Amino acid sequence: SNAAISAVLPEDRADVLFHSYDGGGATINGPSVLLRKDIKDTVSVYANYYVDMVTSATIDVEVQGASEYTEERTEFSVGFDYLYDKTIMSLGVTNSSENDYEADTIGFGISQDFFGDLTNISLGYSYGSDTVSKTVVDTTTGSKQAEYVGDNEHRRYKLGISQILTKSFLIAMNFESVIDEGFLNNPYRQVRALDPTTGLTSTVSQPENYPETRNSDAFAIRGLYYLPYRASVGLEYRSFSDSWGIQGKSYELRYVHPIESLGLLFEGKFRNYSQTQADFYSDLFGYPEPNPNNLVEFRARDKEMSTFDTSTIGIGVTYEFKKGLIPFFEKATANFYWDYIQFDYSNFRDARPSTAAVPPAPGQEPLYSFDANVIRFFFSFWY
């Protein structure tokens, strides 16, 4: 199969998916349904419904002495793509809702083919507006209710360039710039701090506090090479930096191999990601003089703001049903993907209550690490 990026609308299809994440004390799973249909070969409309059912007893929850909690997030997206000559224009809106967070996003994109359909340039912009709340318990009735905390806004700008270099080699570059403003930290998470009088660890009344603005930029370059026996190999490099001092980079190698006689397509990948910490992150804060009752203004103990790296090994298999086996559909596939992810943190410590006879001193606990499994199983139908 030769590389191709000419302007065409997505195919009419329906996807029914089950996804599952299990790792670090959190389990997240749920269904997703996607429907897409074209209208007179110039417009393609779609709708997607996605559910996350979350059960969480993560290290953040355990450190704060809280019990396991459950919640549900639902997301609904609709949009369309419009094809005119060699140009595709896209518009989509998304609503995500959970008991303490409401997010609405609208996005617009345009892509254009040039130079005999060998080059494609795309531009995109999206705007998101979120409302952040915090679930509190009424001390009188014991009922839970959402208490408003703040709002935030997100503006995302994208530029993409794809180029067919040979009949077998495709290269793509993508640039993305994001501006976040408003209440950007977790209203539940607290930092660890040394008590100025006893030297013991205390997290009471010391919530995280982030700056109200964040600018980030990301660049990615991908190469895809089609091998003579219809397999392909892909390589990707991505870099990230933001105004909070985080710098990240990732590498990914992917291989796809078909066995056409059996209707099977196998995929394997390896990915590594590493990042530095945010300027205002610390695993353990002290009380600075001459104000021993106050911490620094900006502070975070989110492990995702620390220095860490992840390694991912993934495998996947797609089976294409024989034509006519499933009535009313032109083609159908069953797809299974599994990722195994190893998280290793360089300066985030396991501060959960210790059962050791002599508990480690604050700041001397073992570094935290965990494994996660991500599963996606879905059916696709073309009509």
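Residues numbered from 1 in each chain as written. Predicted model: local features only at pLDDT ≥ 70, side-chain atom pairs only at ≥ 80, totals over all residues. Heavy atoms only, no water.

## Some thoughts on the overall build of the protein chain
Alright, step 1. The helix and strand tally for the protein chain stands at 1 helix and 18 strands.
Alright, step 2. Along the longest, intermediate and shortest principal axes, the C-alpha atoms of the protein chain span 75 × 40 × 40 Å.
Alright, step 3. Among the 383 residues that make up the protein chain, the fraction classed as buried is 36%.
Alright, step 4. Here the analysis covers contacts within the protein chain between residues at least 6 apart in sequence; of these, 60% occur between residues at least 24 apart.
Alright, step 5. Of the roughly 21100 Å² that the protein chain leaves accessible, carbon and sulfur atoms contribute 58%.
Alright, step 6. Computing the positive centroid from 31 side-chain charges and the negative centroid from 52, the protein chain places the two 7 Å apart. (Helix = DSSP H or I, 4+ residues; strand = E, 2+ residues; numbered from the N terminus. Buried < 20%, exposed > 50% of the residue type's maximum accessible area, 1.4 Å probe, protein only. Contact = heavy atoms within 4.5 Å. Areas by Shrake-Rupley, 256 points an atom, 1.4 Å probe, with all protein chains shown as cover. Lys, Arg positive; Asp, Glu negative; His and termini not counted. Charge placed at Lys NZ, Arg CZ, Asp CG, Glu CD.)

## Focus: the side chain of Asp180
Alright, step 1. Following the sequence through the fold, Asp180 ends up in strand S9 (residues 169-182).
Alright, step 2. The side chain of Asp180 is buried and forms no salt bridge, while Arg214, the nearest opposite charge, is found at 5.0 Å.
Alright, step 3. The contacts of Asp180, once residues within four sequence positions are left out, are Glu153, His154, Glu212, Thr213 and Arg214. (Salt bridge = Lys/Arg side-chain N within 4 Å of Asp/Glu carboxyl O.)

## Here's the deal with the confidence of the model for the protein chain
Alright, step 1. Counting all residues, the mean pLDDT for the protein chain is 92, and 93% of those residues have values of 70 or more.
Alright, step 2. Note on residues 1-5: pLDDT is under 50 here. Beyond four places in sequence and across chains, it has 18 contacts. (pLDDT = per-residue confidence, 0-100.)

## As for the environment of Ser380
Alright, step 1. Turning to its location among the elements, Ser380 is positioned in strand S18 (residues 367-382).
Alright, step 2. Once the C-alpha coordinates of Ser380 and Leu34 are considered, the two residues, 346 residues apart in sequence, prove to be 9.3 Å apart.
Alright, step 3. In this view, Ser380 contacts Arg13, Ala14, Asp15, Lys331, Ala332, Thr333 and Asn335; residues no more than four positions away in its chain are not counted.
Alright, step 4. Of note is the side chain of Ser380, whose polar atom sits 2.7 Å from the side chain of Asp15. (Polar contact = N/O pair within 3.5 Å; in protein donor to acceptor, adjacent residues only side chain to side chain.)

## So, the pairing of strand S5 (residues 87-98)
Alright, step 1. Direction of pairing for strand S4 (residues 69-84) relative to S5: antiparallel, over a ladder of 11 bridges. Looking at the pairing, Leu83 lines up with Ile88 of S5.
Alright, step 2. Where S4 folds back onto S5 in an antiparallel hairpin, the turn is made up of 2 residues, including Asp85, whose phi is positive at roughly 60 degrees.
Alright, step 3. The sheet contact formed by S5 and strand S6 (residues 101-114) spans 12 bridges and is antiparallel. Each residue of the ladder has a partner; that of Ser96, found in S6, is Ala103. (Pairing = 2+ DSSP bridges.)

## Overview of the packing of aromatic side chains
Alright, step 1. Applying the stated rule across the entire model yields 22 aromatic pairs.
Alright, step 2. Both rings, one in Trp244 and one in Phe280, keep their centres 5.2 Å apart while their planes meet at 75 degrees; by these two values the pair is edge-to-face. One end of the pair, Trp244, is in the loop between strand S13 (232-242) and strand S14 (247-259); the other, Phe280, is in the loop between strand S15 (264-275) and strand S16 (308-320), and 36 residues separate them in sequence.
Alright, step 3. With 5.2 Å between their ring centres and 75 degrees between their planes, Phe377 and Phe379 make a pair best called edge-to-face.
Alright, step 4. Among the residues examined, Phe377 registers a relative accessible area of 35% and is labelled partly exposed. (Phe/Tyr/Trp six-rings, centres within 6.5 Å; stacked < 30°, edge-to-face > 60°.)

## Comments concerning the pattern of salt bridges
Side chains that differ in sign of charge can pair as their charged atoms come close.
Alright, step 1. The tally for this structure, following the rule as stated, stands at 26 salt bridges.
Alright, step 2. Across the pair Glu208 and Arg189 runs a salt bridge whose closest N-O atoms are separated by 3.2 Å. A residue pair is termed long-range when its members are at least 10 positions apart, and Glu208 in the loop between strand S11 (201-202) and strand S12 (213-226) and Arg189 in the loop between S9 and strand S10 (193-194) qualify at 19 residues. Of the two residues examined, Glu208 and Arg189, each falls in the buried class.

## Things to note about the pairing of S18
Alright, step 1. As paired elements, strand S1 (residues 13-23) and S18 share 11 bridges and run antiparallel to each other. Residue pairing across strands places Val16 opposite Phe379, the latter belonging to S18.
Alright, step 2. One ladder, built from 15 bridges, connects strand S17 (residues 331-349) with S18; its direction is antiparallel. Opposite Thr333, over in S18, you have Ser380 as the bridge partner.

## Quick notes on the nonpolar core
Alright, step 1. One finds Ala278, Met305 and Tyr345 to be the most contacted residues of the largest nonpolar core, which totals 21 residues.
Alright, step 2. For this core, the elements supplying multiple residues, two or more each, are S17 and S18.
Alright, step 3. In contact with Met305, other than residues within four places in its own chain, are Tyr210, Arg214, Trp244, Ile246, Gln275, Gln277, Ala278 and Tyr281. (Core = buried A, V, L, I, M, F, W, Y, C linked by side-chain atoms within 4.5 Å.)

## Some thoughts on the environment of Ala372
Alright, step 1. Here Ala372 is to be found in strand S18.
Alright, step 2. A relative accessible area of 0% places Ala372 in the buried class.
Alright, step 3. Once the C-alpha coordinates of Ala372 and Ile341 are considered, the two residues, 31 residues apart in sequence, prove to be 5.1 Å apart.
Alright, step 4. Discounting residues that sit within four places of it in the chain, Ala372 has contacts with Tyr21, Asp22, Gly23, Asp339, Tyr340, Ile341 and Phe343.

## With respect to unusual backbone geometry
Alright, step 1. Positive phi values are uncommon outside glycine, yet Lys40 reaches one of about 55 degrees.
Alright, step 2. Here Lys40 shows up in the loop between strand S2 (26-39) and strand S3 (43-56).

## Details of the environment of Tyr340
Alright, step 1. Topologically, Tyr340 is positioned in strand S17.
Alright, step 2. For the pair Tyr340 and Asn272, spaced 68 residues apart in sequence, the C-alpha to C-alpha distance is 12 Å.
Alright, step 3. Leave out the neighbours within four places in its chain, and Tyr340 touches Ser311, Thr312, Ile313, Asp371, Ala372 and Asn373.
Alright, step 4. At a separation of 2.9 Å, a polar atom in the side chain of Tyr340 contacts the side chain of Asp371.

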